[in-house]
Amino acid sequence: MPPHATLTVSSSGTQGGILLRLAVGGAWNLAAPLAGAARTSAMARLQEPGVAAVSLAAEGLGDWDSSLAIFVAGVIRACRERNLSVDTSDLPAGLTRLVDLAFAVPERAGAARSDARPGLFERIGAKVLELPKPVGSVLDFIGEVASALARLARGRADMRPRDLLQFMSESGSAALPIVSLISLLVGLILAFVGAVQLRVFGAQIYVASLVAIAMVRVMGAIMTGITMAGRTGASYAAILGTMQVNEEVDALATMGLRPVEQLVLPRLLALVVMLPLLTIYADLMGMAGGFIVGVFMLDLNPMEYLIATQEAMTMANVWIGITHGAVFGVVVALCGCYHGMRCGRSASAVGAATTAAVVSGIVSIILCTAFITVACEVLGI
């Protein structure tokens, strides 16, 4: 027999209040719950004016599960909201105990889902109040890395030299193909863009100066940094995040080893060493791209192009580019390792950490570029 709930007027009180009797019967189970229309009708009847009390009873009740308890608890909750007295003495003892257990612990304030969307200023305020926690986490991580570097300088770090060599290989020679392709194309693009305007004045030879200065001073380092953020920074975050999920980081701490020195320090040093070298290589590939455009498309003399490139390059520009590369190495390594070491304990957390590492790495690269550019302008370099 399907589940049903029959609501009748039992009697009227001395003050004219209506006493309702709600009888439940049939077989109640989650696979065939009470129809929505019947449930809504019963609940609406309880909201009618003049109702003073409600009596719950069981008539022809068959097998039942938690669906009946949920329905009865909902009726009792609706009655309590209207300050109506509820009589459950005619219900089965097991059902009564289950419903009493549901109301034994009061609902935590704010636990219920609300459809109300907070206002703009409320959302901004909530985000501002949340800032101290991530900022403190970042500062704690930087402090741990600084402490590890100090221990390394004193020769007391737990870092293994072979780990450093492995990460230098992974972030150095293994990255040459993608760095070569991107840098070559960037050099081609710079030469094409410059040639569009310089050709108007018959000054195509200055394409060599444009490409050389742009690549050596900043573009080579930026493109290499962004490439490494997407390639190596994401890899660091994914690997360390997976180690967090597998509790390998906790295992290192349990064995008395310092996870930052074992996992973060060799990755940081590897990028700090290799990214400036990759930047120099990217500069050369970018100038090679400009050479291809200048010689084969602008009909410039090869020796003339090389001489113009040599005259445009200065050691100041070279050192600025190398400085960019070293700073980007620190930024990419810290972003990747931070999000990996602070990763949650699930597969989705690893994906979120990887995404955050790439985004924060690229944003940090752009911010550092702006800062270094302004500093060079102020210093007149």
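Structure shown above.
Analysis parameters
Residues numbered from 1 in each chain as written. Predicted model: local features only at pLDDT ≥ 70, side-chain atom pairs only at ≥ 80, totals over all residues. Heavy atoms only, no water. Helix = DSSP H or I, 4+ residues; strand = E, 2+ residues; numbered from the N terminus. Rg over C-alpha atoms; globule rule 2.2 N^0.38 Å. Buried < 20%, exposed > 50% of the residue type's maximum accessible area, 1.4 Å probe, protein only. Contact = heavy atoms within 4.5 Å. Areas by Shrake-Rupley, 256 points an atom, 1.4 Å probe, with all protein chains shown as cover. Polar contact = N/O pair within 3.5 Å; in protein donor to acceptor, adjacent residues only side chain to side chain. Core = buried A, V, L, I, M, F, W, Y, C linked by side-chain atoms within 4.5 Å. Phe/Tyr/Trp six-rings, centres within 6.5 Å; stacked < 30°, edge-to-face > 60°. Lys NZ or Arg CZ within 6 Å of the ring centre and 35° of its normal. Salt bridge = Lys/Arg side-chain N within 4 Å of Asp/Glu carboxyl O. Patch = residues over 30% accessible without salt bridge, like charges linked within 9 Å, V, L, I, M, F, W, Y side chains within 5 Å.

Our focus in this paragraph is the overall build of the chain. The number of helices and strands found in the chain is 13 helices and four strands. What you see for the chain is a C-alpha radius of gyration of 35 Å, clearly larger than the 21 Å of a compact globule of 381 residues, by over 25%. Here the C-alpha coordinates of the chain stretch approximately 110 × 60 × 40 Å along the principal axes. Taking all 381 residues of the chain together, 40% fall into the buried category. Here the analysis covers contacts within the chain between residues at least 6 apart in sequence; of these, 81% occur between residues at least 24 apart. If you sum the accessible surface of the chain, you get close to 20,500 Å²; carbon and sulfur atoms cover 65% of it.

As a further point, take the environment of Ser173. Tracing the chain through its elements places Ser173 in the loop between α6 (161–171) and α7 (176–198). Relative accessible area serves as the criterion here: at 47%, Ser173 is assigned to the partly exposed category. In the structure, Ser173 is positioned 47 residues away from Ala126 in sequence and 46 Å away in space, judged by C-alpha atoms. Looking at Ser173, its side chain comes within polar contact range of the main-chain oxygen of Ser169, at 3.3 Å.

Below, the discussion takes up the nonpolar core. Core analysis: the biggest nonpolar cluster contains 35 residues, and Phe141, Leu263, Val264, Leu271 and Met341 have the highest contact counts within it. Taken together, the elements giving at least two residues each to this core come down to α5 (132–153), α6, α8 (206–245), α9 (248–254), α10 (259–296) and α12 (315–341). The greatest single-element share of this core, amounting to 10 residues, is contributed by α10. In this structure, Leu22, Trp28, Val54 and Leu95 belong to the second largest nonpolar core, which totals 20 residues.

Checked against the element boundaries, Thr279 lands in helix α10. Residue class for Thr279 comes out buried when judged on its relative accessible area of 1%. Excluding residues within four positions of it along the chain, Thr279 makes contact with Gly220, Ala221, Thr224, Gly321 and Gly325.

Right, let's get into the environment of Arg123. Here Arg123 is to be found in helix α4 (residues 120–130). Separated by 52 residues in sequence, Arg123 and Phe71 have C-alpha atoms that sit 36 Å apart. When neighbours within four sequence positions are excluded, Arg123 is seen to be in contact with Arg117 and Pro118.

So, on to the packing of aromatic side chains. This structure, assessed with the given rule, holds three aromatic pairs. Judged by centre distance (5.6 Å) and plane angle (80°), the rings of Phe291 and Tyr305 are edge-to-face. Pair noted here: Phe291 is in helix α10 and Tyr305 is in helix α11 (residues 302–312), with a separation of 14 residues, a long-range link. Classification of Tyr305 as buried rests on a relative accessible area of 2%. Just above the ring of Tyr236 sits the side chain of Arg267; from NZ or CZ to the centre is 5.4 Å.

Turning our attention to the pattern of salt bridges. In the structure shown here, the tally under the stated rule is seven salt bridges. The salt bridge partner of Arg151 is Glu261, with a shortest N-O separation of 2.8 Å. Here Arg151 is found in helix α5, whereas its partner Glu261 is found in helix α10, with 110 residues between them in sequence. An identical accessibility class is assigned to Arg151 and Glu261; each is buried. A salt bridge links Asp158 to Arg258; its shortest N-O distance comes to 3.7 Å. Residue Asp158 is located in the loop between α5 and α6, and its partner Arg258 is located in the loop between α9 and α10; the two are separated by 100 residues in the primary sequence. What makes Asp158 partly exposed here is its relative accessible area of 22%. What makes Arg258 partly exposed here is its relative accessible area of 38%. Put simply, Arg151, Asp158, Arg258 and Glu261 are held in one network by salt bridges that share partners.

Where nonpolar side chains cluster on the molecular surface, the patch consists of Leu120, Phe121, Ile124, Val128, Leu131, Val135, Val138, Leu139 and Ile142 and spans about 860 Å² of accessible area. With respect to the helices and strands, the residue Leu131 is situated in the loop between α4 and α5. Owing to a relative accessible area of 47%, Leu131 belongs among the partly exposed residues under this scheme.

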